Amino acid sequence: MQTISILGSTGSIGTQALQLVALHPDRFRVVAMTGHRNRELFFEQVRQFRPEMAGLTEPIPMEEIPADLRFCRWVMGKEALHVAAAEVPADMVLVSVVGIAGLQSVMDALQANRQVLLANKEALVTGGHLVMDAARRIGKPLLPVDSEHSAIFQCLQGAGPNKPERLILTASGGPFRTWEPKDIMLATKEQALKHPNWSMGRKITIDSASMMNKALEVIEARWLFDMPAEKIDVLIHPQSVIHSMVEFEDGAVMAQLGTPDMRLPILYAMSWPERLATGGARLDFAAMKALTFEQPDLTRFPGLGLAYEALKAGGTMSAILNGANEIAVDAFLHDRIRFGQIAQLVEETMHAVPVVYHATLDQVFESDRMARAKAQELLKTSRFAV
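Residues numbered from 1 in each chain as written. Predicted model: local features only at pLDDT ≥ 70, side-chain atom pairs only at ≥ 80, totals over all residues. Heavy atoms only, no water.

### Structural notes on the nonpolar core
Part 1 of the argument: Core analysis: the biggest nonpolar cluster contains 128 residues, and Trp-74, Leu-94, Leu-117, Leu-142, Val-145, Met-270 and Phe-339 have the highest contact counts within it.
Part 2 of the argument: With eleven residues, the top contributor of residues to this core is helix H13 (residues 317-333).
Part 3 of the argument: Beyond its immediate stretch of four places on either side in the chain, Leu-142 contacts Leu-110, Val-116, Leu-118, Leu-124, Val-131, Met-132, Ala-135 and Leu-224. (Core = buried A, V, L, I, M, F, W, Y, C linked by side-chain atoms within 4.5 Å. Buried < 20%, exposed > 50% of the residue type's maximum accessible area, 1.4 Å probe, protein only. Helix = DSSP H or I, 4+ residues; strand = E, 2+ residues; numbered from the N terminus. Contact = heavy atoms within 4.5 Å.)

Below, the structure written as structure tokens:
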């Protein structure tokens, strides 16, 4: 029996992780869980899984907690993330909160000697050197939950002592893969939120449509697998069957395949190095008509190129990129900018905010704050008017 804390239990990853706990009650027990603002769903989760600690990062008065749920310790606000990550004894901590809040949670969990299951891109994007140093100090690998990074991790598990020569991250291409750039510029929220293969939260779905999600994954892979940016490629694979690949010195390529089901990478992280049943559909190779691949078009998806620029610049530039992107996506979702202006706002912010090298955790958060402030300032200029 392994105990797990789940940060972000009401999100897509968190809810699927709880499904897997319910599927394997003899293997996993939830000891702590946090939600954000979906209190009714969170109450039902607490009622079912009966953790020792529960908390909402968007606080509510204690008197609004149902009487039958007061059996556990309740913590409200940002403190809930710290308590769940570091104070409640747990074998592993699943960090599936959205945004840079995940960086502090990952650092808290690692400093408490917890095994981290990473479903938050921003932790490595913004503070990769700090996170990896902390993981090395406790001698526990970060276990990736993203399907692409899990795929690479799984390939490397089967590679033995052989070192990878190149990492190939696959991408579906999202809903705008075949659109003309001028049409992508004017895409609506409804169009951008219709992902062809995956069911995700709104912010991540918009990032996938702009391929900024893949940009963040390139930066994440650089830190997670200690691979220079020039050896990390992105390949569009619309069927989302091959989740990523690893090329070795002799030219052999190892790939991880599966149906588009996030329960597989979540459960592999939870059960590593074992494999357990997910209850999901299996691949039917005979039914596949074709697996196709394309080079990403940076004219359609300029955000992808910004990842390589950020890695080349080094320092806190990736944190600046991430902070600006969060402001840009929020602005798009609130009809303040056009879809095609997301990458433009990010790029202008990257050029305007100074980079800090060898940054401390506080300096990473300050770079993030400055990036958000500059992006908000730029939004007020006439060139970003809708």
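### Describing the pattern of salt bridges
Proximity of charged atoms lets side chains of opposite charge pair with each other.
Part 1 of the argument: All told, the structure shown has 27 salt bridges when counted by the stated rule.
Part 2 of the argument: We note a salt bridge from Lys-121 to Asp-146, for which the minimum N-O separation is 2.4 Å. Here Asp-146 lies in the loop between strand S7 (143-144) and helix H6 (147-157) and Lys-121 lies in helix H5 (residues 121-138), a separation of 25 residues in the sequence.
Part 3 of the argument: Looking at Asp-146, the relative accessible area reads 11%, which means it is buried.
Part 4 of the argument: The closest approach of N and O atoms between Glu-247 and Arg-166, which form a salt bridge, is 2.8 Å. Remark: Arg-166 occurs in strand S8 (residues 164-171) and Glu-247 occurs in strand S10 (residues 242-248); sequence separation between them is 81 residues.
Part 5 of the argument: Residues participating in the shared-partner salt-bridge network are Lys-121, Asp-146, Glu-148, Lys-214 and Glu-217. (Salt bridge = Lys/Arg side-chain N within 4 Å of Asp/Glu carboxyl O.)

### Looking at the packing of H5 against H13
Part 1 of the argument: Two numbers describe how H5 lies on H13: the axes approach to 7 Å, and their chain directions differ by 135°. The orientation of H5 relative to H13 falls into the category oblique. Seen from H5, the contacting residues are Glu-122, Val-125 and Thr-126; seen from H13, they are Ser-318, Ala-319, Asn-322 and Glu-326.
Part 2 of the argument: A class-by-class count of the residues in the contact of H5 with H13 yields two nonpolar, three polar and two charged. (Axes fitted to C-alpha atoms, helices over the stretch in contact; angles between N-to-C directions. Parallel < 35°, antiparallel > 145°, perpendicular 65-115°, else oblique. Nonpolar A, V, L, I, M, F, W, Y, C, P; charged D, E, K, R; others polar.)

### Here we look at the packing of helix H10 (residues 212-224) against helix H12 (residues 302-313)
Part 1 of the argument: Following both chains from N to C, one finds H10 and H12 inclined at 25°, their axes separated by 7 Å at the closest point. Our classification of the angle between H10 and H12 gives roughly parallel. By crossing handedness, the relation of H10 to H12 is classed as right-handed. Only Gly-303, Leu-304, Leu-306, Ala-307, Tyr-308, Ala-310 and Leu-311 of H12 make contact with H10, whose side of the interface consists of Met-212, Lys-214, Ala-215, Val-218, Ile-219 and Arg-222. (Left-handed = near helix turned anticlockwise from the far one by under 90°.)

### Looking at the sheet that holds strand S6 (residues 115-118)
Part 1 of the argument: An order of S4-S3-S2-S1-S5-S6-S7 is seen for the seven strands of this open sheet, with the pairing classed as parallel. On the outer flanks of this sheet lie strand S4 (73-76) and S7, each paired with one strand and no other.
Part 2 of the argument: Where strand S3 (residues 53-56) lies against S4, four bridges are found, and the strand directions are parallel. When the sheet's bridge partners are listed, Met-53 is paired in S4 with Arg-73. (Pairing = 2+ DSSP bridges.)

### Quick notes on the side chain of Thr-170
Part 1 of the argument: Here Thr-170 shows up in strand S8.
Part 2 of the argument: Those residues in contact with Thr-170 that sit more than four places away from it in its chain are Glu-148, Lys-214, Leu-235, His-237, Ile-242, His-243, Ser-244 and Met-245.

### What to know about the sheet that holds strand S11 (residues 253-257)
Part 1 of the argument: Read from one edge to the other, the open sheet built from four strands follows the order S9-S8-S10-S11, with strand pairing classed as mixed. Every interior strand has two partners, whereas the edge strands, strand S9 (232-236) and S11, have only one. For this sheet the average axis-to-axis angle between neighbouring strands, irrespective of direction, equals 20°.
Part 2 of the argument: Note: S10 against S11, five bridges, orientation antiparallel. What sits directly across from Val-246, in S11, is Met-254.
Part 3 of the argument: In the packing of H6 onto the sheet, the strands contacted are S8, S10 and S11, and the crossing angle to S10 comes to about 40°.

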